[in-house]
Amino acid sequence: MTRYVLLANWTDQGVKNVKDSANRLDAATALAKKMGCEIREFYMTVGTYDMVVTAEATNDTTLAKFALTLAMGGKLRTTTRKHFP
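Conventions we followed
- Residues numbered from 1 in each chain as written.
- Predicted model: local features only at pLDDT ≥ 70, side-chain atom pairs only at ≥ 80, totals over all residues.
- Heavy atoms only, no water.
- Helix = DSSP H or I, 4+ residues; strand = E, 2+ residues; numbered from the N terminus.
- Rg over C-alpha atoms; globule rule 2.2 N^0.38 Å.
- Buried < 20%, exposed > 50% of the residue type's maximum accessible area, 1.4 Å probe, protein only.
- Contact = heavy atoms within 4.5 Å.
- Pairing = 2+ DSSP bridges.
- Axes fitted to C-alpha atoms, helices over the stretch in contact; angles between N-to-C directions.
- 1 Å grid on protein atoms, 1.4 Å probe; cavity = no way out; pocket = protein on both sides within 12 Å on 5 of 7 lines; lining within 4 Å.
- Points joined across faces, edges and corners; volume = space filled by probe spheres on them.
- Nonpolar A, V, L, I, M, F, W, Y, C, P; charged D, E, K, R; others polar.
- Salt bridge = Lys/Arg side-chain N within 4 Å of Asp/Glu carboxyl O.
- Polar contact = N/O pair within 3.5 Å; in protein donor to acceptor, adjacent residues only side chain to side chain.

Topic: the overall build of the protein chain
(1) Moving on: Secondary structure assignment for the protein chain yields three helices and four strands.
(2) Moving on: Start at the N end of the protein chain and walk to the C end: the helices and strands fall as β-α-α-β-β-α-β.
(3) Moving on: Against the 2.2 N^0.38 benchmark of 12 Å for 85 residues, the protein chain shows a C-alpha radius of gyration of 12 Å, consistent with a compact globule.
(4) Moving on: Principal-axis analysis of the C-alpha atoms places the extent of the protein chain at approximately 35 × 25 × 15 Å.
(5) Moving on: Counting all 85 residues of the protein chain, 28% fall into the buried class.
(6) Moving on: For the protein chain, the share of sequence-separated contacts (at least 6 apart) that also reach a separation of at least 24 residues comes to 67%.

See the structure below:
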């Protein structure tokens, strides 16, 4: 499995519903598993990005589909980097 780092920021819609963020993380974790990915770590951060996620997927296409599906929800935007251990 290939590892990735997703750097994420809330959208205006995501901030308005921040109280639901724990439920959204659970839903994202379940979605990742359904799509063949796995969220390994999740951090709320301060600075340029609001969240940092490490994830694994079988390939770039699988991870891209997962990230795009998250973005379609309108609550966050991601920048994805491939992680080399």
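Some thoughts on the sheet that holds strand S2 (residues 37-44)
(1) Moving on: Taken in spatial order, the four strands line up as S2-S3-S1-S4 in an open sheet, and their pairing is antiparallel. Each having just a single partner strand, S2 and strand S4 (76-83) make up the two edges of the open sheet. Averaged over all pairs of adjacent strands, the angle between their axes in this sheet comes to 25 degrees, without regard to strand direction.

Some details on the layout of surface pockets
(1) Moving on: Reported here for the largest pocket is a volume of approximately 350 Å³.
(2) Moving on: Along the walls of the largest pocket sit 21 residues, with Arg-24, Leu-25, Ala-28, Leu-70 and Leu-76 positioned nearest its centre.
(3) Moving on: The dominant element in the lining of the largest pocket, judged by the number of residues it contributes, is helix H2 (residues 21-34), at six residues.
(4) Moving on: Its residues placed into classes, the lining of the largest pocket shows 14 nonpolar, five polar and two charged.

Points about the pattern of salt bridges
(1) Moving on: Counted under the stated rule, the structure contains four salt bridges.
(2) Moving on: Across the pair Arg-3 and Glu-56 runs a salt bridge, and its minimum N-O distance is 2.8 Å. Taken together, the residues span a long stretch of sequence, with Arg-3 in strand S1 (residues 2-10) and Glu-56 in strand S3 (residues 51-57) at a distance of 53 residues.
(3) Moving on: Salt-bridge contacts for Arg-40 lead to Glu-56; the nearest nitrogen and oxygen are separated by 3.8 Å.

Thoughts on the side chain of Thr-11
(1) Moving on: Along the polypeptide, Thr-11 turns up in the loop between S1 and helix H1 (12-16).
(2) Moving on: Relative accessible area serves as the criterion here: at 10%, Thr-11 is assigned to the buried category.
(3) Moving on: Here the side chain of Thr-11 touches Gly-74 through a polar contact of 2.5 Å, landing on its backbone oxygen.

Regarding the environment of Val-46
(1) Moving on: Examined against the element boundaries, Val-46 turns out to sit in the loop between S2 and S3.
(2) Moving on: What makes Val-46 exposed here is its relative accessible area of 87%.
(3) Moving on: C-alpha separation for the pair Val-46 and Asn-59, spaced 13 residues apart in sequence, amounts to 29 Å.

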